[in-house]
Amino acid sequence: MFIYAFAHALCRFVFMSENPGLSVDKKTWNKWSFYLNVVIFIIIAVFIYLLIFDAFNAGNVFTRNDPTLLTNAWIAVVRDVAFLTVGLVILFVQMFNYYRQLSRRSW
């Protein structure tokens, strides 16, 4: 997720600044940004599936009373939640940024 945010910011700086190194028009930039968002949605869907799977696994490990395996299972659950949190934050920030841009145009 951090790689996505870094790549998005770098592309915006390189392509959309006042003196871009590679000039990209607004339409192309919006298309690339859309494809990046689709990739983020796919990553979020995968981590939702992994969260369900890891939470089920942690429940099964809990019934066996093995502290080492339980610790590893909960680390996997926390990993999934962390990736989901970062991914959703990126999507919500972009959503509100696009909403802000649309609200400026409507005036």
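This text follows the structure it describes.
Let me begin by describing the structure that accompanies this report. Quick caveat: nothing in here was measured; it's all calculated off a predicted structure. (Residues numbered from 1 in each chain as written. Predicted model: local features only at pLDDT ≥ 70, side-chain atom pairs only at ≥ 80, totals over all residues. Heavy atoms only, no water.)

1. Here we look at the overall build of the chain
Assigned secondary structure in the chain consists of 3 helices and 0 strands. For the chain, the succession of helices and strands along the chain, N to C, is α-α-α. Here the chain holds 107 residues, and 23% of them are scored as buried. For the chain, the proportion of contacts with a sequence separation of at least 24, taken over those separated by at least 6, is 62%. On the chain, roughly 8,100 Å² of surface is accessible, and the fraction owed to carbon and sulfur atoms is 73%. (Helix = DSSP H or I, 4+ residues; strand = E, 2+ residues; numbered from the N terminus. Buried < 20%, exposed > 50% of the residue type's maximum accessible area, 1.4 Å probe, protein only. Contact = heavy atoms within 4.5 Å. Areas by Shrake-Rupley, 256 points an atom, 1.4 Å probe, with all protein chains shown as cover.)

2. Section: the side chain of Asp 80
As for its placement among the helices and strands, Asp 80 is situated in helix α3 (residues 67-106). On the accessibility criterion, Asp 80 (0% relative accessible area) is buried.

3. Considerations on helix α2 (residues 26-64)
Helix length check: α2 (39 residues) gives 57 Å between terminal C-alpha atoms against 57 Å at 1.5 Å per residue, within 8%. Regarding α2, the residues found buried are Trp 29, Ser 33, Asn 37, Ile 40, Ile 44, Phe 47, Asp 54, Ala 58 and Val 61. Once α2 finishes, Asn 65 follows within two positions and takes phi at roughly 60 degrees, a positive value. (Expected span 1.5 Å × (residues − 1).)

4. Observations concerning the nonpolar core
In terms of nonpolar packing, the biggest core is built from 5 residues, these being Ile 40, Ile 44, Phe 47, Leu 84 and Leu 91. Counting residues per element, this core draws most heavily on α2, which supplies 3 residues. Excluding its chain neighbours within four sequence positions, the residues that come into contact with Ile 44 are Leu 84, Gly 87, Leu 88 and Leu 91. (Core = buried A, V, L, I, M, F, W, Y, C linked by side-chain atoms within 4.5 Å.)

5. Quick word on the pattern of salt bridges
Within the structure shown, the criterion is met by 2 salt bridges. When the shortest N-O distance is used, the salt bridge between Arg 79 and Asp 54 registers 2.9 Å. One end of the pair, Arg 79, is in helix α3; the other, Asp 54, is in helix α2, and 25 residues separate them in sequence. Exposure remark for Arg 79: the relative accessible area of 38% places this residue in the partly exposed category. One salt-bridge network, in which partners are shared between bridges, spans Asp 54, Arg 79 and Asp 80. (Salt bridge = Lys/Arg side-chain N within 4 Å of Asp/Glu carboxyl O.)

6. A word on the environment of Leu 69
As for its position among the elements, Leu 69 is in helix α3. C-alpha separation for the pair Leu 69 and Asn 57, spaced 12 residues apart in sequence, amounts to 10.0 Å. Each residue touching Leu 69, except ones within four places of it in the same chain, is listed here: Val 61 and Arg 64.

The values are spatial; any link to function lies outside them.
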